[in-house]
Amino acid sequence: MSRHLVAEELWSLAEPLLPRFSTRSQGGGTVPVDDRAVFTAVVFVLTSGCAWRHLPPSFGVTVPTAHRRFIAWTRAGFWRRLHCAVLDELGSRGLVDWSRAVVDGASVRAKRGAL
């Protein structure tokens, strides 16, 4: 399923940016889940509006694993780096019109009495 939901071009940009998890020195633990399957599951949740607990089992990733990786990747700055990589790639292909930009001020708190 992951090959259909995440295009090869997106995966080729995302894969090198993913944080690497090291094995435990004392051994044990579980076998790491395929990064692409987890990435696809996370992208599905983020883009579909699906609740984490409703992640379909067809992704081959458990809900705790997908959510734990999402949190780890977020803390590592992965999504920001991926966003920049996608913009760079699209910009190098001439597919982004850099002459226009939108600034959203809706999230900026208005101070009472400020001019």
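Attention here is on the structure that accompanies the text. (Residues numbered from 1 in each chain as written. Predicted model: local features only at pLDDT ≥ 70, side-chain atom pairs only at ≥ 80, totals over all residues. Heavy atoms only, no water.)

### Comments concerning the overall build of the protein
Then, number 1: Assigned secondary structure in the protein consists of five helices and zero strands.
Then, number 2: When each of the 115 residues of the protein is scored for burial, the buried share is 25%.
Then, number 3: Within the protein, contacts between residues at least 6 apart in sequence are counted, and of these 67% link residues at least 24 apart.
Then, number 4: Of the accessible surface of the protein, which amounts to about 8600 Å², a share of 57% is contributed by carbon and sulfur atoms. (Helix = DSSP H or I, 4+ residues; strand = E, 2+ residues; numbered from the N terminus. Buried < 20%, exposed > 50% of the residue type's maximum accessible area, 1.4 Å probe, protein only. Contact = heavy atoms within 4.5 Å. Areas by Shrake-Rupley, 256 points an atom, 1.4 Å probe, with all protein chains shown as cover.)

### Some remarks on the pattern of salt bridges
Then, number 1: Taken as a whole, this structure holds four salt bridges when the rule is applied.
Then, number 2: Two residues, Glu-8 and Arg-36, come together in a salt bridge whose shortest N-O distance is 3.0 Å. You can see Glu-8 sitting in helix 2 (residues 8-14) and its partner Arg-36 sitting in helix 3 (residues 35-48), a full 28 residues away along the chain.
Then, number 3: Salt bridges linked by common partners bring Arg-20, Asp-35 and Arg-69 together as one network. (Salt bridge = Lys/Arg side-chain N within 4 Å of Asp/Glu carboxyl O.)

### Focus on the nonpolar core
Across soluble globular proteins, nonpolar side chains show a tendency to be buried alongside one another.
Then, number 1: Of all hydrophobic cores here, the largest spans 20 residues; its most connected members are Phe-39, Val-42, Trp-73 and Phe-78.
Then, number 2: Going through the elements one at a time, helix 2, helix 3, helix 4 (63-75) and helix 5 (78-92) are the ones with two or more residues in this core.
Then, number 3: It is helix 3 that contributes the most residues to this core, seven residues altogether.
Then, number 4: For Phe-39, the residues in contact, after removing those within four places along its chain, are Val-6, Leu-10, Trp-11, Ala-14, Trp-73, Phe-78, Trp-79 and Leu-82. (Core = buried A, V, L, I, M, F, W, Y, C linked by side-chain atoms within 4.5 Å.)

### Here's the deal with the packing of helix 3 against helix 4
Then, number 1: Close contact between helix 3 and helix 4 brings their axes to 9 Å; oriented N to C, the two are set at 85°. Looking at the two axes, helix 3 sits roughly perpendicular to helix 4. Mapping the contact onto sequence places Asp-35, Val-38, Phe-39, Val-42 and Leu-46 in helix 3 and Thr-65, Ala-66, Arg-69, Phe-70 and Trp-73 in helix 4.
Then, number 2: Here the residues of the contact of helix 3 with helix 4 are counted per class, giving seven nonpolar, one polar and two charged. (Axes fitted to C-alpha atoms, helices over the stretch in contact; angles between N-to-C directions. Parallel < 35°, antiparallel > 145°, perpendicular 65-115°, else oblique. Nonpolar A, V, L, I, M, F, W, Y, C, P; charged D, E, K, R; others polar.)

### A short note on the packing of aromatic side chains
Then, number 1: Taken as a whole and assessed by the stated rule, the structure comprises ten aromatic pairs.
Then, number 2: Relative to Phe-39, the ring of Trp-11 lies with its centre 5.7 Å away and its plane at 45°, an arrangement referred to as tilted. With a gap of 28 residues between them, Trp-11 in helix 2 and Phe-39 in helix 3 connect regions that are remote in the sequence. Comparing Trp-11 with Phe-39, the two get one shared label, buried.
Then, number 3: On the basis of an interplanar angle of 85° and a centroid distance of 6.1 Å, the ring pair of Phe-39 and Phe-78 is categorised as edge-to-face. (Phe/Tyr/Trp six-rings, centres within 6.5 Å; stacked < 30°, edge-to-face > 60°.)

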